[in-house]
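In case you want the letters, here they are:
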Amino acid sequence: SGEPRPVDGAAGSRFVEVPLLLHTTHGDGSVRTQAGRVVLRRAMVDGASAGQRAWRIASADLRDAAE
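Just so you know, these numbers come straight off a predicted model, no measurement behind them.

As a further point, take the pairing of strand S4 (residues 56-64). Among the 9 residues of S4, 0 are classified as buried, and the element is accordingly described as predominantly exposed. Pairing analysis gives 8 bridges linking strand S3 (residues 31-43) to S4, with the strands arranged antiparallel. In the sheet register, Ala35 faces S4, and the bridge partner there is Arg63.

The next point concerns the environment of Arg63. Inspection of the secondary structure puts Arg63 in strand S4. With 24 residues separating them along the chain, Arg63 and Val39 place their C-alpha atoms 15 Å apart. Once residues lying within four places of it in the same chain are set aside, the contact partners of Arg63 are Thr33, Gln34 and Ala35.

Looking now at the pairing of S3. Each regular strand carries side chains that alternate between the two faces of the sheet. Inspection of the sheet shows strand S2 (residues 13-25) paired to S3 by 13 bridges, in the antiparallel sense. Pairing of Leu20 across the sheet is with Gly36, part of S3.

Spatial strand order, S1-S2-S3-S4: 4 strands in an open sheet with antiparallel pairing. Every interior strand has two partners, whereas the edge strands, strand S1 (8-10) and S4, have only one. Neighbouring strand axes in the sheet, compared pairwise and without regard to direction, differ in orientation by 30° on average.

This part is about the environment of Arg56. By the element assignment, Arg56 lies in strand S4. Along the chain, Arg56 and Arg42 lie 14 residues apart, while their C-alpha atoms are 6.4 Å from each other. Contact partners of Arg56, with chain neighbours within four places excluded, come to Val39, Leu40, Arg41 and Gly51. A polar atom in the side chain of Arg56 sits 3.1 Å from the backbone oxygen of Gly51.

Okay, the side chain of Ser13 next. Inspection of the secondary structure assignment puts Ser13 in strand S2. Within the structure, the side chain of Ser13 is placed 2.8 Å from the side chain of Arg41, a separation counted as a polar contact. Setting aside residues up to four positions removed in sequence, Ser13 forms contacts with Asp8, Arg41, Arg42, Ala43 and Met44.

Thresholds applied
Residues numbered from 1 in each chain as written. Predicted model: local features only at pLDDT ≥ 70, side-chain atom pairs only at ≥ 80, totals over all residues. Heavy atoms only, no water. Buried < 20%, exposed > 50% of the residue type's maximum accessible area, 1.4 Å probe, protein only. Helix = DSSP H or I, 4+ residues; strand = E, 2+ residues; numbered from the N terminus. Pairing = 2+ DSSP bridges. Contact = heavy atoms within 4.5 Å. Axes fitted to C-alpha atoms, helices over the stretch in contact; angles between N-to-C directions. Polar contact = N/O pair within 3.5 Å; in protein donor to acceptor, adjacent residues only side chain to side chain.

What follows is the structure in C-alpha cells.
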C-alpha cells in the first residue's frame, strides 16, 4: 500500500505508478492476497480521442502477499 507516485510524462503520454493490495475470493471460499503496483497510462497528444485520453493499465507487477 502507499500513495501514488507523481505523474510522469514521456512522448505524448502521462504515466502514474499506483500501489495495489488485491484480495480475491474464489468459488471454494479461499482467499488470495496479492500486493504490488500498477502503472497507468493516458495519451496526451493533440487529436487524441476521449477514449485514448482515459487512464488505462500499462503494466502490473503483483505478487502473493503474506496475510
